[in-house]
Amino acid sequence: MMDSLILTHTSNNSSPLIALTGNPNCGKTTLFNQLTGLRHKTGNYPGVTVEKKIGLLKLKNQNFTLIDLPGTYSLLPCSPDEKVVHDILFDQQADTRKPDLLLIVLDANNLERNLYFATQALELNIPSIVVLNMWDMAHKNGTCIDLKELELFLGVPCFSCDSRKSLEVEKIKNHIDLNLTIKHAPLFHSFKQWKSNWPDCVQKHTQTLSTILTNNYPNMKGNLEGEALRLISDSQLNHHLFKTNDVKIHQEINLIRNDLLKQNIQWKSIEADLRYHWIQSSSRKFIRKESNYQKNKYYLFDKFFIHPIWGSLFFLIIMSLIFQSIFTWAEPIMNLFSYFIDHLSQLIDSTFPDSQLKNLVLDGIIAGVGNVLIFLPQIFILFFFIGIFEDSGYMARAAFVLDKIMSKVGLSGKSFLPLLSSFACAIPGILATRTIEDRKDRLCTILIAPLISCSARIPVYTLMIGALIPSIKIWGFFNLQGACLLSMYLLSITTALTMATLFRKTFLKGQTIPFLFELPPYRLPNLKTILISSWDQSKEFIYRAGSIIFCISIVLWFLVNYPKNPEQDHNYLIQKNKLIQNPSYNEKLTALEKEHHRYKMEHSFAGKLGKTIEPLTRYLGFDWKINIGIISSFAAREVLVSTLAIVYQVNEDADATSVDLRQAILTEKSPTTGKPVYTPLVGISVMVFFVLACQCMSTLAIVKKETSSWKWPLFMFGYMSLLAYSGSFIVFQLGKLLGF
Amino acid sequence: MQYLLRINFNKASMNTNICKLTELKPNQSGTVHSFLGDNHHLHSRLRELGFTKGCWVTYIRRAPLGDPIELAIYESHIAIRKIDAMNILIELNI
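Treat the numbers as computed from the prediction; the structure is a model and nothing was measured. (Residues numbered from 1 in each chain as written. Chains lettered and ligands numbered in written order. Predicted model: local features only at pLDDT ≥ 70, side-chain atom pairs only at ≥ 80, totals over all residues. Heavy atoms only, no water.)

### Notes on the overall build of chain A
No. 1: Each helix and strand in chain A was counted, giving 33 helices and 12 strands.
No. 2: Counting only C-alpha atoms, chain A reaches 100 × 60 × 55 Å along its principal axes.
No. 3: Counting the 740 residues in chain A, one finds 54% classified as buried.
No. 4: The contacts of chain A with a sequence gap of at least 6 include a subset with a gap of at least 24, amounting to 74%.
No. 5: Surface exposure of chain A reaches about 32,800 Å², of which carbon and sulfur atoms provide 62%.
No. 6: Chain A carries 73 positive and 60 negative side-chain charges, and their two centres are separated by 3 Å. (Helix = DSSP H or I, 4+ residues; strand = E, 2+ residues; numbered from the N terminus. Buried < 20%, exposed > 50% of the residue type's maximum accessible area, 1.4 Å probe, protein only. Contact = heavy atoms within 4.5 Å. Areas by Shrake-Rupley, 256 points an atom, 1.4 Å probe, with all protein chains shown as cover. Lys, Arg positive; Asp, Glu negative; His and termini not counted. Charge placed at Lys NZ, Arg CZ, Asp CG, Glu CD.)

### Things to note about the overall build of chain B
No. 1: In terms of helices and strands, chain B carries three helices and six strands.
No. 2: The order of helices and strands in chain B, counted from the N terminus, is α-β-β-α-β-β-β-α-β.
No. 3: Burial status across chain B gives 55% buried among its 94 residues.
No. 4: Considering only contacts in chain B between residues 6 or more positions apart, those separated by 24 or more positions represent 60%.
No. 5: Within the structure as shown, chain B displays about 4,300 Å² of accessible surface, and the carbon and sulfur contribution to it stands at 53%.

### A closer look at helix α10 (residues 224-233) of chain A
Given 3.6 residues per helical turn, the α-helix brings residues three or four places apart onto the same face.
All names here are of chain A.
No. 1: Most of α10 sits out of view: 10 of its 10 residues are buried.
No. 2: All of the buried residues along α10 are Leu224, Glu225, Gly226, Glu227, Ala228, Leu229, Arg230, Leu231, Ile232 and Ser233.
No. 3: The inward-facing, buried residues of α10 contact α4 (111-122), α8 (188-196), α9 (200-216), α11 (247-262) and α12 (270-286).
No. 4: Between the side-chain oxygen of the N-cap and the backbone nitrogen of Glu225 there are 3.2 Å, and the N-cap of α10 in question is Asn223. (Polar contact = N/O pair within 3.5 Å; in protein donor to acceptor, adjacent residues only side chain to side chain.)

### A few points about the confidence of the model for chain A
No. 1: Taken as a whole, chain A shows an average pLDDT of 84; of its residues, 95% reach a score of 70 or greater.
No. 2: Taken as a whole, residues 1-13 of chain A scores under 50 in pLDDT and shows 15 contacts with residues more than four places along the chain or in a different chain. (pLDDT = per-residue confidence, 0-100.)

### Describing the packing of aromatic side chains
All names here are of chain A.
No. 1: What the rule picks out here adds up to 37 aromatic pairs over all chains.
No. 2: Judged by centre distance (5.5 Å) and plane angle (50°), the ring pair of Phe315 and Phe416 falls under tilted. Taken together, the residues span a long stretch of sequence, with Phe315 in helix α14 (residues 310-351) and Phe416 in helix α18 (residues 416-421) at a distance of 101 residues.
No. 3: Taking relative accessible area as the criterion, Phe315 reaches 11% and is therefore assigned buried. (Phe/Tyr/Trp six-rings, centres within 6.5 Å; stacked < 30°, edge-to-face > 60°.)

### Here we look at the interface of chain B and chain A
No. 1: At the junction of the two partners, chain B supplies 32 residues and chain A supplies 44 residues.
No. 2: Between chain B and chain A, the buried area comes to about 3,600 Å², and carbon and sulfur atoms account for 58% of it.
No. 3: Counting the contacts that link chain B with chain A gives four salt bridges.
No. 4: Here Glu82(A) and Arg45(B) are joined by a salt bridge, their closest N and O atoms 2.8 Å apart.
No. 5: Listing elements by their share of the side of chain B that touches chain A, those giving two or more residues are α2 (40-48), β3 (56-62), β4 (69-73) and β5 (76-80) of chain B.
No. 6: The residue inventory of the side of chain B that touches chain A, partitioned by class, reads 14 nonpolar, seven polar and 11 charged.
No. 7: Pairing of strand β12 (residues 516-519) of chain A with β5(B), which is carried by four bridges, proceeds in the antiparallel orientation. Counted as the bridge partner of Glu518(A) is Ile78(B) from β5(B). (Buried area = accessible area lost by both parts, 1.4 Å probe. Salt bridge = Lys/Arg side-chain N within 4 Å of Asp/Glu carboxyl O. Nonpolar A, V, L, I, M, F, W, Y, C, P; charged D, E, K, R; others polar. Pairing = 2+ DSSP bridges.)

### A word on unusual backbone geometry
Keep in mind that most residues, glycine aside, have a negative phi and that most peptide bonds are trans.
No. 1: Going from Asp67(B) to Pro68(B), the amide bond is cis rather than trans, its omega being -10°.
No. 2: Mapped onto the fold, Pro68(B) is located in the loop between β3 and β4.
No. 3: Even without being a glycine, Asp91(A) presents a positive backbone phi close to 60°.
No. 4: Summarising the element assignment, Asp91(A) is placed in the loop between α3 (80-89) and β5 (101-107).
No. 5: Exposure remark for Asp91(A): the relative accessible area of 45% places this residue in the partly exposed category.
No. 6: For Leu237(A), which is not a glycine, the phi torsion comes out positive at approximately 55°.
No. 7: With respect to the helices and strands, the residue Leu237(A) is situated in the loop between α10 and α11.

Written out as structure tokens, the structure is:
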């Protein structure tokens, strides 16, 4: 069978497909990285947010395609991840064909549990190799596994391995290279023996069911009696055969279940009961606990990490470290990126003549690329830390400790780190939600992450508070400015948590998978794997989110720079040329330039849009100039500051602490009433708007990417805009009523 | 269905050897007896993880805030919320 398979695939000009499969936490991904090196790519399976990893395995005789299947506890799918595995192994997945070889990875420390899935997978009769990973750890802990006996039991070649050591991985590579065409009969003898121990009625029923399966599904290969047992126990109807309209099978299964109930046999647990019993009784042949065996040896650190005092203290230190790193350590690298981008812009600016194309390249394309690259250091650093936590086993402990707090708003402990990262930036925060298995939990966390006050809002707060909120003490020691900043953060946190509760009670009700997670044994993290995976995630961000961010940047550039006004340009040039001839008019020249910029902005599409929506935003206290700022800050929130600087004709390089800009804001008068446009109330209204609004195209792009649909980013933009408008509306109108 | 299970549980609790998993003390072990309730999704996941009748389970500890709890089954440690763990009946083999 194997030979013919390889032949058909080689004739299709594609290399044989090897699938890596096994329980979660068995070290599968480390092995995958060792086998493929950097020759792999990640993506999503169509329609679901399940990560698909495909790589190339280059061997002396032949090349193979390697696919890393999501971690699975059972062949009966319980989660979207497991459904993908089920569908691939049963040849039901549209974009992935049935693998030609299975590389079943087992955790040697926890062999019995791992054998549950392994024996199920072997019954599919796909040529397989079994890899006993973390062999060294098991050996040190006094677990001795007899490989010869295990091979006899499973009927396929078994290898001991430590996926972190390349030498042992070589061994597996060689075997695949040389012995691929050797036929095996997985589980052939042991299955017969197992079956003879089943209760008589179970034997009889599986026999009947498997005959029907053989007749109705001639394509279904493998051990159909095992399949029949699985179908009988499938109380959730998750098996792909239940999705078909095959009434005969459904009826037969119902008959069998009723009959088993009559005989007092629990059909729901029949497969698990029989299989675990079989594994336990057989395991005596190949697992031996030596005298130095220690049951919970690799869990000793839990005394510290889950300790109410030491554990919490350690957690606080670690979290502040991460926070610090995203906030400040990434800064020098981010500055370095901006430095290069600025220099590149200047270089292009000075070498090419003025033209629309140059403007597009400078302000649209390079600025757009810059918007993407600027996130790279933060994302890489965050994923590096996440990698260390996941690999060492600490992540599960953090989720264990924090679950109680997060469950109050309907989330789980795993949402904590993504939300915390969102204080620095929602992008890495949303990417970090990949560690949440439950789809509804994850979606809920993604949807509220942009409400958490990110660092890009800080310039806006600084500008508004600095210019408009008086620096006075309340009750003697509270600075009003500080209190104002604090209340913005509190507003952001409470809104996020309220929305989480709301979402979890309405359209994200319930759980998609049971809330259970494993606390894996502590291990020393593997630097190479972590660096590779951090790089993978960062690369994916650049490719996929980058393309969307890039496009929106160009659209925004167009909105701010068009339509052109040739007459005004002409006038400007004439006046400019006049001034240039006289060097002493330098000051006037800059004033003229500023005025020109302001004029262009006012008459651009963005300016017109700002004026069009003025009737709406008047209730929030915003005039059209602030509206321009809000429209252009869709590129990134901090752009508000530089846009306002252009609108108010102050130095273009103004930052949030610039005195000129603050002065300009304070003195700005309304043309109709002559009163100041900016009052402290307007400042607060603007800040509230920025806390609640989804003013960030990169966030929307990343949400589109992570949820693989436009539905959720649009929903996010919609609900946050609504929140922002109503929030500012209430603040401004209430404030006005109270006389501020 | 729910009613029937409740009757079963009452019968079970009369037998002093059977208790809810959450009633165990830290580091106390027992064997799985049966599941309560109708969360079949959870039950099948538990079975896959090895919670089959007669299998040894150890209650390791509670989280510092009281929930969830940590169990050991085979060689793995599992975190589970109390509300779910309450539905696992354990037989104490004294």
